[in-house]
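Commentary on secondary and tertiary structure
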Amino acid sequence: MSAVTSFLTRRRGQGRRWHWTDVVTWAWLAAGVVLMFGPALWLVASSFKGPAQLAEFPPTLLPYVQQTAQVEGHDEPLPLYTVTREDGTEVVLAEIRRIGTNSQMVDPANPEERINVNIADREPVREVGFATENYVAPLVANNFLRFLWNSVFVTAVATAITLLTNSMAAFALSKYDFRGRNAVMLLIVATLMVPLSVILVPLYAVVNATGLLDSLWGVILPTVATPTGVFLLRQYMLTIPDELLEAARMDHASEWQIYWRIVLPLTAPALAVLAIFSVVWRWNDFLWPLIVLSRRELYTLQVGLNTYAGELNVQWHYILAMTVVTMIPVVLIFVFLQRFITAGIAGAGIK
Amino acid sequence: MTSLGHWAGVLVTAPLVLLARAVDPLLRAWQRWTGIGGMAAFFLLPNLLIFGVFVLIPIVLNLAYSMTGGTEILLAQRPYVGGEQYARLLECQDYSRPLTCREDQFWTAARNTGLFVLFQVSLMVAVSLVTALILNREIKGRGFFRAVFFFPVLLSPVVVGLIWRWILQREGLLNLLVVNLGLEPQVWLNDRVTAFAAAVGVSTWAHMGFYTLILLAGLQAIPRDLYEAAEMDGTPPARVFRRITLPLLGPNLAVVLVLALIRGVQIFDEAYVLTGGGPGTSTLFLTQYIYEVGFASLLRNPGLAAAASMLMAGVLVVLTLVQLRLSRSSAGGQR
């Protein structure tokens, strides 16, 4: 009974026998690992498969590459197949060409003799291999390098501006006493309730009027004045004792110096959290860039990926590889900085 | 490693430090001229300027746009039409059947969004609550498992949509499992019901880690001695859960509910990449409707899109207020 208690309420002690709640716990966690990581791993595994293999059903777990052999009398390497002969024995042959349901094949050891085989009787010889051209080709040919650069630019610049403007505002709101301070704070917090999706049309009009339409700055600027950022930094700056500032003023430090050389370094942990969040937000932004950017060479990775995935003839081998590339920075953040993000969410409820 | 990181940091910040030094004389002069009050204004200005131009002005303009007609984007060139856009959205013979409405797409999107929110939020709260309860136990590698459930939260909606499109397609992983179980493979995203279920499931998959974290923080804040006292009194576990855990978790549950509802109403990115609103209009949601009417369709109608987003904003504000009230009463410790 107390095991059920601890399941529904809190942890249970060590050193007891396995209880059904333990089974539920570990089953849930195991399912969690498979469900949460599995799809992304499947994406990575698939991204190394060639187009022919991607169209196969059932799909194989690992990527395979068909073996080829150089055969005398042929310039190109020929693909190898295992052929089952009428007597049931198997032999490895190279295919020269396919004619209808027949395949014209040759034994690599004996290149003179041509053998006709029904395609139902042959199996490709494959071994685990990686179709790395999935990654190379779109970066070179399909603008993806451009998209990647745009995404990096938007993310880096937007994060830098976010950190600067939000910390300046937070400094004013936490360290100065002026009329209307609470009104400003309230205004900023209230707009948390107004998400981007309800002001799309007028925001588009404003961006249009400021001449930022179809430019990366039109993507960056509307996102940088985050209320969450101001709020987070202000809460943190409130914990910095005012005596520190007073001491600096005694030493004739200017207000800018106080902000830049005292308050900002002391706010580093909160700035780091905001920086991580901002990078993830801006890297992942989709709807707003989709609306602002119409010239292809300005697309960010997310918009570019969506465009290529929305085409009539989806080139999955490229899409999958580029999805993996899009995922890399976020996975790095997950591996190395995940603690900061979870602490930020649990502590301040930001996302 | 640390010294490497240190020097990298120095390299990045050095230009900034120099810049900050360079502006100092100017700001000193400004400070002498305007005093501390001027400095407060200076520090607030960049953020408030951006905020005003890109958030506050659009909020006000939205109302203006919703009361004008035509296809022009410049407000000055748009004729005033009063409440016509709203009337057009709300004109309907039978609200339960979207096809009888003048803007049938809007009502289809509204109905889909309502159903989506209903299913997704209940699923989300249930799944995150169970996960939080499990992660709150004394298990080995808790940090690791907490991270596991959090992983998809960081992925971009486009990546999430593509990952699952790839799994749910005809030759995909799900069909492999289905065939191995001896069932018929399906094209999951081509069927109205399974495509809708996929939108619900995928968005839950992508965001549950976030809500789990909030609930877990709440569970860990519940004082342990309460449970010890209950155990000593021999209180049945179900009642302990109902009388201690749930009430004390109340504020966090309310927060999770508010956020899940608000996000649910705005569902767009991952569903759009996953299904594109289809098949037909079975996964067309409100934000996609606004996006398509305002920007994507040939006969774009910014006024209609603005009116629709005003209605959506109304729903969001009401939801927020109701839920804030709920969370206040549960924090007050009723029950």
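Think of each chain on its own: its residues are numbered from 1, step by step along the sequence as written. In the order they appear in the text, chains get letters beginning with A and ligands get numbers beginning with 1. Local features are withheld for residues below a pLDDT of 70 in this predicted model, meaning they are given only at 70 or higher, and side-chain atom pairs are given and counted only at 80 or more; totals for whole chains, interfaces and linings count all residues. By convention in this description, side-chain values take in all heavy atoms of the structure and omit both hydrogens and water.

Now for the overall build of chain A. Broken down by element type, chain A carries 15 helices and 8 strands. Every radius of gyration here is taken over C-alpha atoms, with the globule rule written as 2.2 Å times N^0.38, N being the number of residues. Taken over C-alpha atoms, the radius of gyration comes to 30 Å for chain A, far larger than the 20 Å a tight globule of 351 residues would show. When its C-alpha atoms are laid out on the principal axes, chain A stretches across 95 × 65 × 40 Å. Taking all 351 residues of chain A together, 52% fall into the buried category. Partitioning the intrachain contacts of chain A with sequence separation of at least 6 by distance along the chain shows that 61% fall at a separation of at least 24. A run of H or I in DSSP becomes a helix once it reaches four residues, and a run of E becomes a strand once it reaches two; helices and strands are each numbered from the N terminus. Residue exposure (1.4 Å probe, protein chains only): buried if accessible area is under 20% of the type maximum, exposed if over 50%, otherwise partly exposed. Note on contacts: a residue pair is in contact if any heavy atoms of the two residues lie within 4.5 Å.

The next thing to look at is the overall build of chain B. Of the regular secondary structure elements, chain B holds 12 helices and 0 strands. Scanning chain B from its N terminus toward the C terminus, one meets helices and strands in the order α-α-α-α-α-α-α-α-α-α-α-α. At 26 Å, chain B has a C-alpha radius of gyration far larger than the 20 Å of a compact globule built from 335 residues. Summarising its shape, the C-alpha atoms of chain B cover approximately 70 × 60 × 50 Å along the three principal directions. Counting the 335 residues in chain B, one finds 50% classified as buried.

The next subject is the UniProt feature "transmembrane region" (unreviewed entry) in chain A. UniProt positions are given in the numbering used here, feature names are shortened, and annotations may be inferred rather than shown by experiment. Under the feature "transmembrane region" (unreviewed entry), the UniProt entry names residues 20-45, 147-171, 183-204, 216-237, 258-281 and 316-337 of chain A. Taken end to end, residues 258-281 of chain A comprises 96% helix and 0% strand; its first and last C-alpha atoms sit 30 Å apart.

We now examine the layout of surface pockets. By volume, the second largest pocket is sized at about 910 Å³. If you trace the second largest pocket, you find 23 residues lining it, with L163(A), W260(A), L264(A), T13(B) and L16(B) closest to the centre. Looking at the lining of the second largest pocket, the elements with two or more residues in it are α5 (144-175), α11 (255-266) and α12 (268-284) of chain A together with α1 (2-66) of chain B. Ranked by the residues each element gives to the lining of the second largest pocket, the list is headed by α1(B), at 8 residues. Put simply, Ala, Val, Leu, Ile, Met, Phe, Trp, Tyr, Cys and Pro go in the nonpolar bin, Asp, Glu, Lys and Arg in the charged bin, and everything else, Gly too, in the polar bin. Among the residues forming the lining of the second largest pocket, the class breakdown is 21 nonpolar, 2 polar and no charged. Both site types are read off a 1 Å grid over the protein atoms alone. A 1.4 Å probe that fits but cannot get out defines a cavity, while an open set with protein on both sides within 12 Å along at least five of seven lines defines a pocket; lining residues have an atom within 4 Å of a point. Grid points are joined across faces, edges and corners, and a volume is the space filled by probe spheres set on the points.

What follows is about the environment of L311(B). Residues and elements named next belong to chain B. With respect to the helices and strands, the residue L311 is situated in helix α12 (residues 302-331). Its relative accessible area of 27% is what places L311 among the partly exposed residues. Sequence separation between L311 and L89 is 222 residues, and the spatial gap between their C-alpha atoms is 9.5 Å. Ignoring any residue separated from it by four or fewer positions in sequence, one finds L311 in contact with Y86, L89, L90 and F106.

The next point concerns the packing of α5(A) against α12(A). Residue and element names in this part refer to chain A. Axis definition: a line fitted to C-alpha atoms, over the contacting stretch in the case of helices. Angles run 0 to 180 degrees between N-to-C directions. Running from N to C, α5 and α12 cross one another at 145 degrees; their axes reach a closest spacing of 9 Å. Note that α5 runs across α12; the crossing there is right-handed. Every residue of α12 that contacts α5 at L148, S151, V152, T155, A158, T159, T162, L163, N166 and S167 is listed here: L271, L274, A275, S278, V279, R282 and W283. By residue class, the composition of the contact of α5 with α12 is 9 nonpolar, 7 polar and 1 charged. Crossing handedness is defined as follows: a turn of the near helix away from the far one that is anticlockwise and smaller than a right angle gives a left-handed crossing, while the clockwise case is right-handed.

So, about the domain arrangement of chain B. All names here are of chain B. The split of the chain into domains comes from an automatic or database domain assignment. What the domain assignment reports for chain B is domain 1 (2-66) and domain 2 (92-331). Taken together, the contacts link 4 residues of domain 1 with 5 residues of domain 2. As used here, buried area is the combined drop in accessible area, with a 1.4 Å probe, of two parts when they are placed together. Taken together, both faces of the contact between domain 1 and domain 2 bury some 380 Å²; the carbon and sulfur share is 68%. The largest share of the area that domain 1 buries against domain 2 comes from N62, Y65 and S66, three residues that together contribute 86% of it. By definition, a salt bridge exists where a carboxyl oxygen of Asp or Glu is found within 4 Å of a side-chain nitrogen of Lys or Arg. Counting across the domain 1 and domain 2 interface gives 0 salt bridges. Distance and chemistry together define a polar contact, namely a pair of N or O atoms within 3.5 Å, with one atom able to donate a hydrogen and the other to accept it when in protein, and with adjacent residues in sequence counting only for side-chain atoms on both sides. At the boundary of domain 1 with domain 2, the tally comes to 1 residue pair in polar contact (both at pLDDT 80 or more). Among the residues making up the side of domain 1 that touches domain 2, the classes are represented as 2 nonpolar, 2 polar and no charged.

Turning our eyes to something else, we now look at the confidence of the model for chain B. As a per-residue measure, pLDDT reflects the predictor's confidence and takes values from 0 up to 100. Residues with a pLDDT of 70 or more make up 94% of chain B, whose mean pLDDT is 84. A low-confidence stretch, residues 330-335 of chain B (pLDDT under 50), is modelled with 7 contacts involving residues beyond four sequence positions or located in other chains.

Nonpolar side chains collect at one region of the surface, where L61(A), L62(A), V128(A) and F130(A) lie side by side and expose about 410 Å² of accessible area between them. Relative to the helices and strands, L62(A) resides in the loop between α3 (51-54) and β1 (64-66). Two joining distances apply to patches: 9 Å for like charges and 5 Å for nonpolar side chains (Val, Leu, Ile, Met, Phe, Trp, Tyr), and every residue must have over 30% relative accessible area and no salt bridge. Under the convention used here, a 1.4 Å probe and the Shrake-Rupley method define accessible areas, while residue burial counts only the protein chains that appear.

Turning to helix α5 (residues 157-168) of chain B, a few remarks are in order. Residue and element names in this part refer to chain B. An expected span of 1.5 Å times one less than the residue number is assigned to each helix. An ideal rise of 1.5 Å per residue puts 16 Å on 12 residues; α5 measures up with 16 Å between its terminal C-alpha atoms. α5 sits mainly inside the fold: 12 of its 12 residues count as buried. For α5, the full list of buried residues reads P157, V158, V159, V160, G161, L162, I163, W164, R165, W166, I167 and L168.

Residue and element names in this part refer to chain A. Within the fold, P269 resides in helix α12. What makes P269 partly exposed here is its relative accessible area of 42%. Separated by 34 residues in the primary sequence, P269 and Q235 place their C-alpha atoms 12 Å from one another.

Okay, the UniProt feature "transmembrane region" (unreviewed entry) in chain B next. In the numbering used here, UniProt assigns the feature "transmembrane region" (unreviewed entry) to residues 6-23, 35-61, 115-135, 147-167, 195-219, 240-262 and 304-326 of chain B. Along residues 6-23 of chain B, the helical share is 100% and the strand share 0%, with 25 Å between the first and last C-alpha atoms.

For the rest of this paragraph, the subject is the pairing of strand β5 (residues 102-107) of chain A. All names here are of chain A. We call two strands paired when DSSP finds no fewer than two bridges between them. Bridge count between strand β4 (residues 90-99) and β5: 5 bridges; the pairing is antiparallel. If you follow I99 over to β5, its bridge partner there is N102. Summarising the sheet, β5 and strand β6 (residues 110-118) pair through 6 bridges and their orientation is antiparallel. Bridge pairing links N102 to N118 in β6. Hairpin connection, β5 to β6: the antiparallel pair is bridged by 2 residues.

On to the domain arrangement of chain A, then. Here chain A is described as being made up of domain 1 (64-128) and domain 2 (135-348). Here the C-alpha centroids of domain 1 of chain A and domain 2 of chain A sit 56 Å apart.

This next bit is on the pairing of β4(A). All names here are of chain A. Relative to β4, strand β3 (residues 78-84) runs antiparallel, the two sharing 5 bridges. Among the inter-strand pairings, T84 is bridged to a residue of β4, identified as E90. Hairpin connection between β3 and β4: a loop of 5 residues separates the two successive antiparallel strands, and G88 in this loop has a positive phi of roughly 95 degrees. Counted between consecutive antiparallel strands, the loop separating β4 from β5 contains 2 residues, among which G100 sits at a positive phi close to 60 degrees.

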